[in-house]
Structure formats: structure tokens, C-alpha cells
Amino acid sequence: MARAGLSGERVVVAAAELADEVGFERVTLSALARRFGVKDASLYSHVRGMEDLRTRLALYAGGELIDRIAVAVAGRAGKEALAAFAGAYRAYALRHPGRYAATQIRVDQSLIAGTPALRRTAEITYGMLRGYGLEEPDLTDAVRLLRSTFHGYCALESAGGFGADRDVQASWVKAVDALHLALAHWPRETGPGRKKAEDR
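Position labels on residues start from 1 in each chain and follow its written sequence. Confidence filtering applies because this is a predicted model: local features only for residues at pLDDT of at least 70, side-chain atom pairs given and counted only at 80 or more, and all residues used for totals across whole chains, interfaces and linings. Calculated side-chain values reflect all of the structure's heavy atoms, with hydrogen atoms and water omitted.

Visitor: Whenever I open this one, the overall build of the protein confuses me. Can you help?
Guide: Here a helix means four or more residues in a row that DSSP labels H or I, a strand means two or more in a row labelled E, and each is numbered from the N terminus. Each helix and strand in the protein was counted, giving ten helices and zero strands. From first element to last, N terminus to C terminus, the protein shows the α and β order α-α-α-α-α-α-α-α-α-α. Here the C-alpha coordinates of the protein stretch approximately 60 × 45 × 30 Å along the principal axes. The contact rule is simple, with two residues in contact once any of their heavy atoms fall within 4.5 Å. Residue pairs at least 24 apart in sequence account for 69% of intrachain contacts in the protein once pairs closer than 6 positions are excluded. Looking at the protein as shown, the accessible area adds up to about 11000 Å², and 53% of this sits on carbon and sulfur atoms. Counted as positive: Lys and Arg. Counted as negative: Asp and Glu. His and the chain ends are not counted at all. Lysine's charge is taken at NZ, arginine's at CZ, aspartate's at CG and glutamate's at CD. A distance of 3 Å separates the average location of the 28 positive side-chain charges in the protein from that of its 24 negative side-chain charges. Accessible surface area values rest on a Shrake-Rupley calculation with a 1.4 Å probe, where residue burial reflects the displayed protein chains alone.

Visitor: Would you mind going over the pattern of salt bridges with me for this structure?
Guide: Note on pairing: side chains with opposite charge can pair once their charged atoms come close. Whenever Lys or Arg places a side-chain nitrogen within 4 Å of a carboxyl oxygen from Asp or Glu, that contact is recorded as a salt bridge. One pass over the full model with this rule turns up ten salt bridges. Close ionic contact of Arg-120 with Asp-67 constitutes a salt bridge, the shortest N to O distance being 2.4 Å. One end of the pair, Arg-120, is in helix H8 (residues 116-130); the other, Asp-67, is in helix H4 (residues 50-73), and 53 residues separate them in sequence. Summary of the burial criterion: residues with accessible area below 20% of their type's maximum are buried, those above 50% are exposed, and those between are partly exposed, where the area comes from a 1.4 Å probe applied to protein chains only. Residue classification places Asp-67 among the partly exposed positions, given a relative accessible area of 37%. Note that Glu-80 and Arg-76 form a salt bridge whose closest N and O atoms lie 4.0 Å from each other.

Visitor: Looking at this model, I keep getting lost on the nonpolar core. Mind explaining?
Guide: The nonpolar side chains of a soluble globular protein tend to be buried with one another. Counting residues in hydrophobic clusters, the biggest one holds 35 residues, and the most contacted among them are Ile-69, Leu-82, Leu-129, Leu-146, Phe-150 and Leu-183. Counting residues per element, this core draws most heavily on helix H5 (residues 78-95), which supplies nine residues. In contact with Ile-69, other than residues within four places in its own chain, are Phe-85, Ala-88, Tyr-89 and Ile-124. Only buried residues count toward a nonpolar core. Its members are Ala, Val, Leu, Ile, Met, Phe, Trp, Tyr and Cys residues joined through side-chain atoms within 4.5 Å.

Visitor: Explain the packing of H5 against helix H10 (residues 168-184) to me, please; I cannot follow it from the model alone.
Guide: Think of two packed helices as two axes; the pair is described by the angle between the axes and how far apart they sit. At their nearest, the axes of H5 and H10 sit 10 Å apart, and the two run at 135 degrees to each other. The angle between H5 and H10 falls in the class oblique. Our pair here, H5 against H10, has a crossing hand that is right-handed. For the pair H5 and H10, contact is made by Lys-79, Leu-82, Ala-83, Ala-86, Gly-87 and Arg-90 and by Val-168, Gln-169, Trp-172, Val-176, Asp-177, Leu-179, His-180 and Leu-183, respectively. Any residue outside Ala, Val, Leu, Ile, Met, Phe, Trp, Tyr, Cys, Pro, Asp, Glu, Lys and Arg is labelled polar, Gly included; the first ten of those are nonpolar and the last four are charged. Residues of the contact of H5 with H10, tallied by class, amount to eight nonpolar, three polar and three charged. Think of each axis as a best-fit line through the C-alpha atoms, taken over the contacting stretch in the case of a helix, with angles from 0 to 180 degrees between the N-to-C directions. Reported orientations rely on four angle classes, namely roughly parallel under 35 degrees, roughly antiparallel over 145, roughly perpendicular from 65 to 115, and oblique for the rest. Crossings are classed by handedness, with left-handed meaning an anticlockwise turn of the near helix from the far one by less than a right angle and right-handed meaning a clockwise turn.

Visitor: So what exactly am I meant to see when it comes to H10 here?
Guide: Working note: α-helix, 3.6 residues per turn, so residues spaced by three or four point in the same direction. Expected span of a helix: the number of residues minus one, times 1.5 Å. Taking 1.5 Å per residue, 17 residues should reach 24 Å; H10 reaches 24 Å between its end C-alpha atoms and fits that length. Trp-172, Val-176, Leu-179, His-180 and Leu-183 are the residues of H10 that are buried. Along the axis of H10, the buried residues cluster in a sector spanning 105 degrees; they form a single face. Residues of H10 that are exposed and angled more than 90 degrees away from the buried face: Lys-174 and Leu-181. Contacts made by the buried residues of H10 are with H5, H8 and helix H9 (138-158). Polar contact is the term for a pair of N or O atoms within 3.5 Å; when the atoms are in protein, one must be able to donate a hydrogen and the other to accept it, and sequence-neighboring residues count only if both atoms are side-chain atoms. At the N-terminal end of H10, a side-chain oxygen is found 3.3 Å from the backbone nitrogen of Gln-169, two or three residues along, and the residue is Asp-167. Starting at the helix axis, one direction is taken to each C-beta atom, and the arc is that of these directions.

Visitor: Help me understand the packing of aromatic side chains in this model?
Guide: A ring pair, where both rings are aromatic, is described by two values, the distance of the centres and the angle of the planes. When two rings of Phe, Tyr or Trp (its six-membered ring) have centres within 6.5 Å they constitute a pair, described as stacked for plane angles under 30 degrees, edge-to-face for angles over 60, and tilted for the intermediate range. One pass over the full model with this rule turns up six aromatic pairs. Seen in terms of ring centroids, Tyr-153 and Phe-162 are 4.8 Å apart; in terms of plane orientation they differ by 45 degrees. Their pairing is tilted. Using a relative accessible area of 35% as the deciding quantity, one classes Phe-162 as partly exposed. The rings of Phe-85, Tyr-89, Tyr-100, Phe-150, Tyr-153, Phe-162 and Trp-172 are connected pair by pair, giving a single aromatic cluster.

Read these as spatial facts, not as claims about activity.
Below you can see the structure in the form of C-alpha cells.
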């Protein structure tokens, strides 16, 4: 029987908070049960297990991240939109490390196809990049460049990996400037390879 006051949404929100406190990999059903003062079995009325919880947490955090990006890029285009997108991404990754880590896991696409967060992420990201005149497969290549650059920078910054005597923010601005130039002068693919890519 489900405990009064518990719900799937409350469990996922608590998991997000716990992830930021102790790290995404240390979130367990037992830790959540202790947080609510219930036995582990009580949570199974709301989540099917750890894989289900991790998937739902990834979708929850992904939705939060794209909401913040959407607000940042609204009304902007070109380099302004890219800088706003990048800034919102980095701010979320640094402020919510556990939630951000959840957004990086590989999730079964059949479980998330058509979800609002996934649709909105595609619309906003691809919409911004189409402002540079990109089409597939260049769009997917550009998404991969942005994601790997943003993620790599945030991961190194979070871990204290930048030891040189150079302001980290200044380097970030330069990185975004460089990405803008790369997108504006993209080596576009032509011919048979130009088709809609399936994976992003």
C-alpha cells in the first residue's frame, strides 16, 4: 500500500535533491526511503526500481535544464543565442552537479520517445543551430560538438581541473566565441550523406 503523502513526483524530486547533495551515483532507493522515513518497499508503489528511478530523474533534470535554456535564449539569435544557451547550460551543470550527471546517462530511447522534454530540447537546440544555416547531417555534427565542448568544460571546471593562472570565465567566453566562428564557417556536407540523422 502506498504511504500517504508519497507520490512518484515527490520521490523523483527527492532523488534530484539527494543527487546534488551526495552525487548521482550514490542515489539509492534505500537512501531515499531513509529520507522519507519509510521502508524501501514503500517506494515500489511509486517507482519500479533503480533503472526506472534513474530514467525518471534523467528526464526530470533534462526538463529543468532545457527550461532554463529556453528562458535564456528567448528572443535571441546567432551568437547571442549561442552565448545564452551555453551560459544557462554551464550554470545548471555547476549549480546542480548531481542532476546534471543524471542528464548524461544513456536512456533507452523507446522509453523517452515523444516526451515533452525531449521534444523541447530538440526544438530549441536545432532551432538555434538552424539560425547558422545548418541542415542534417551537419546539425547532428554541430550538436555533438556543442555537447562535448560544454560537458567537457563543465566536468573539468567542477573537478578543479583548470590549474593555469587564467580566469576560467574568460576562457569560457573565448570557447563560446570559437564555437560561434566554427558554426558560422561550418564545413557543410553535400551529396548522399546529407540526410536526417537518427541519433543525436
